[in-house]
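Residue-level structure breakdown
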There are 2 protein chains.
Amino acid sequence: MSHIPGVRQAQKQKTRQALLDAALELLEGQSLSSLGLREVTRAVGIAPTAFYRHFRSIADLGVALVEQALGSLHPMIRTTVSTAGDGEERVARALELIARHVDAYPAHVRFIARERHGGVRPVREAIHSQLGLFTAEVGEALAGDPASAGWSEEDVLMLAQLYVDLMLGTASLLLEAEGPGARERVSRTAARQMRLIGIGRTHWLDRPDGSP
Amino acid sequence: MSHIPGVRQAQKQKTRQALLDAALELLEGQSLSSLGLREVTRAVGIAPTAFYRHFRSIADLGVALVEQALGSLHPMIRTTVSTAGDGEERVARALELIARHVDAYPAHVRFIARERHGGVRPVREAIHSQLGLFTAEVGEALAGDPASAGWSEEDVLMLAQLYVDLMLGTASLLLEAEGPGARERVSRTAARQMRLIGIGRTHWLDRPDGSP
DNA sequence: CCATGCAGTTAACAACTGTTCTCCGTAAGG
DNA sequence: CCTTACGGAGAACAGTTGTTAACTGCATGG
């Protein structure tokens, strides 16, 4: 419990981060449930048993990776939605932010998309939980918009979920997009989808009856 | 090449199906990339080497599973969309069909959701390909609707993709929904999301300019 | 300055993996 | 009826895996 980091603790977190980084890289070609403890330590260059000084298991490491990966997604999503209402330019700017994030942290995006429905329960739950927080945050941002006047909280959240899912799906598609024009094609459709949802949003309260 | 099945070929396809079934069951708690060849044969009760009489590798088996799983999803999605336009009842009926499918083939739904972004490339590609066919099919169904008059083919496909993704996401959420009221909550939000998209659809051409 | 704590090592374990080669029984086809 | 083709069994292979235990060196805190 030393307030000043100390050489010791610094080194520990250094190799801990090395383990996380190595795991993330190894996960490009496989799923977490097939990632081996020895595989990771070998990539880092430490003895297999040293792994236990940092994580109890691979699933444990996975949960840590979730926090790290979604920590980087956090500001992105917030910025995206704070600018994304209806206007053309807003949609375009949001999509550019997503693309930029995919370029900056491709492994993070891949990890989240892959393990969101992956085979390791605690990791799945961690992602679901964090994504729920994001949805709530996006919901707050949407609620602040005048276009959300008269909306129930439940409806705001369902809209937020729609946006979050679309953003994640688009990010994943951008990640796998290869070949000339592929990225542009993905962006075009994503832009239209966002626009269509925005249109549905503006007319949500138009219907004869309220919103049952 | 015997026209009549024959006892031999029948038995072969029987164990082949047993392998597929066993794999699907084992995949409830892990991802395909961690599924072992011996694990599957052990579950079926045959020698490990017999596996090669049916599949070249686990990835190969995975591709076969994709066709089987999406073969069962096929009629569901078609029926769903052919009934899902705008009306309240149509949305409700579509959701009921989805829920029914999740109950009937939970392992199939889990497999597709998990391996869609999973760690085995050929399987990912097979799913993406099949899902693309579905999207096209849904697009055709949508194009037949009078509400799609004046829509470009590209826009119809982007709407179809939106619907397909929403259906898959909802199915996955239903699968993991546990506890009283969880399923109902998932269904409620999914219904509203479908409704909102439907609203966006009806007002898609309302905007001042055409659709760039 | 010295004793303690702890990141990391080494060795060893039983169990498991994918794959090859050889063999067996039997349905299929002439 | 007799040969062939083939689904499956068996044994063996070289590697790999997670986890244990006891050990070492060194920064840390008193």
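Residues numbered from 1 in each chain as written. Chains lettered and ligands numbered in written order. Predicted model: local features only at pLDDT ≥ 70, side-chain atom pairs only at ≥ 80, totals over all residues. Heavy atoms only, no water.

Things to note about the UniProt feature "DNA-binding region" (unreviewed entry) in chain A
Short version of the rule: UniProt positions are given in the numbering used here, feature names are shortened, and annotations may be inferred rather than shown by experiment. Strands here are runs of E lasting at least two residues and helices are runs of H or I lasting at least four, both read from the DSSP assignment and numbered beginning at the N terminus.
Mapped onto the present numbering, the UniProt feature "DNA-binding region" (unreviewed entry) falls on residues 36-55 of chain A. Taken as a whole, residues 36-55 of chain A contains 40% helix and 0% strand, while its terminal C-alpha atoms sit 13 Å from one another.

Focus: the UniProt feature "domain: HTH tetR-type" (unreviewed entry) in chain A
Cross-referencing UniProt, the feature "domain: HTH tetR-type" (unreviewed entry) maps to residues 13-73 of chain A in the present numbering. Regarding residues 13-73 of chain A, the helix share stands at 62% and the strand share at 0%, and the terminal C-alpha atoms are separated by 22 Å.

Describing the relation of the copies chain B and chain A
For the record, the criterion: Fitting of the copies onto one another was done by least squares over C-alpha atoms, counting residues only where both copies have pLDDT of at least 70.
The two copies are related by a screw operation: chain B maps onto chain A through 180° of rotation and 0.0 Å of translation along the axis, at an RMSD of 0.0 Å. The symmetry that links the two subunits is that of a two-fold axis. Measuring from the rotation axis to each C-alpha of chain B, the shortest distance belongs to Gly-200 of chain B, at 1.8 Å.

Observations regarding the protein's contact with DNA strand C
Heads up, the condition is: Near, as used in this document, describes a residue that has one of its heavy atoms within 4 Å of the molecule or strand being considered. For the purposes of these results, a polar contact is taken to be a pair of N or O atoms within 3.5 Å, where, inside protein, one atom must be able to donate a hydrogen and its partner to accept one; residues adjacent in sequence count only when each atom of the pair is a side-chain atom. Ten residues, namely Ala, Val, Leu, Ile, Met, Phe, Trp, Tyr, Cys and Pro, are considered nonpolar, four, namely Asp, Glu, Lys and Arg, are considered charged, and the remaining ones, Gly among them, are considered polar.
Of all residues adjacent to DNA strand C, which total 20 residues, the nearest are Ala-47, Arg-53 and His-54 of chain A together with Leu-37 and Arg-38 of chain B. In DNA strand C, atoms within 4 Å of the protein come from the sugar-phosphate backbone in 46% of cases. Within the backbone of Leu-37 of chain B, a nitrogen or oxygen atom sits 2.6 Å from a phosphate oxygen of DNA strand C. Here a phosphate oxygen of DNA strand C sits 2.6 Å away from a polar atom, N or O, in the side chain of Arg-42 of chain B. Those elements that place two or more of their residues in the surface near DNA strand C are helix H1 (6-26) of chain A together with helix H1 (6-26) and helix H2 (37-44) of chain B. Of the residues contributing to the surface near DNA strand C, the split by class is six nonpolar, seven polar and seven charged.

Points about the pattern of salt bridges
How we decide: We define a salt bridge as a contact between a side-chain nitrogen of Lys or Arg and a carboxyl oxygen of Asp or Glu at a distance within 4 Å.
Inspection of every chain in the model, using the stated rule, returns 20 salt bridges over all chains. Between Arg-116 of chain A and Asp-165 of chain A there is a salt bridge, with the nearest N and O atoms lying 2.9 Å from each other. One end of the pair, Arg-116 of chain A, is in the loop between helix H5 (106-115) and helix H6 (121-144); the other, Asp-165 of chain A, is in helix H7 (residues 153-176), with 49 residues separating them in the sequence. For Glu-125 of chain B, the salt bridge goes to Arg-121 of chain B, with nearest N and O atoms at 3.2 Å. Here Arg-121 of chain B and Glu-125 of chain B lie together in helix H6 (residues 121-144), a separation of four residues that amounts to about one turn. In this structure, a network of salt bridges that share partners links the residues Glu-154 and Asp-155 of chain A together with Arg-188 and Arg-192 of chain B.

Notes on the nonpolar core
Test applied: By convention a nonpolar core is built from buried Ala, Val, Leu, Ile, Met, Phe, Trp, Tyr and Cys residues, the set being connected through side-chain atoms within 4.5 Å. The classification of residues rests on relative accessible area computed with a 1.4 Å probe and restricted to protein chains. Under 20% of the type maximum is buried, over 50% is exposed, and intermediate values are partly exposed. Whether two residues are in contact is decided by their heavy atoms, any of which lying within 4.5 Å being enough.
Ranked by internal contacts, the top residues of the largest apolar core, which has 125 residues, are Phe-111 of chain A together with Phe-111 of chain B. At 13 residues, the largest contribution of residues to this core is made by H7 of chain A. The residues touching Phe-111 of chain B, leaving out its near neighbours within four places in the chain, are Leu-24, Leu-27, Gly-62, Leu-65, Val-66, Ala-69, Arg-116 and Val-123 of chain B.

Some points on the protein's contact with DNA strand D
What surrounds DNA strand D is a group of 20 residues, the closest being Arg-38 and Arg-42 of chain A together with Ala-47, Arg-53 and His-54 of chain B. Taking the atoms of DNA strand D that fall within 4 Å of the protein, sugar and phosphate contribute 46% of them. Contact distances for DNA strand D include 2.5 Å between a phosphate oxygen and a side-chain N or O atom of His-54 of chain B. At the level of elements, H1 and helix H2 (37-44) of chain A together with H1 of chain B are the ones that each hand at least two residues to the surface near DNA strand D. Residue composition of the surface near DNA strand D, grouped by class: six nonpolar, seven polar and seven charged.

Focus: the side chain of Ser-31 of chain B
By the secondary structure assignment, Ser-31 of chain B is in the loop between H1 and H2. Since its relative accessible area comes to 2%, Ser-31 of chain B is described here as buried. Residues within four places of Ser-31 of chain B in sequence aside, it is in contact with Ser-31, Ser-33, Gly-118 and Gly-119 of chain A together with Arg-114 and Glu-115 of chain B.

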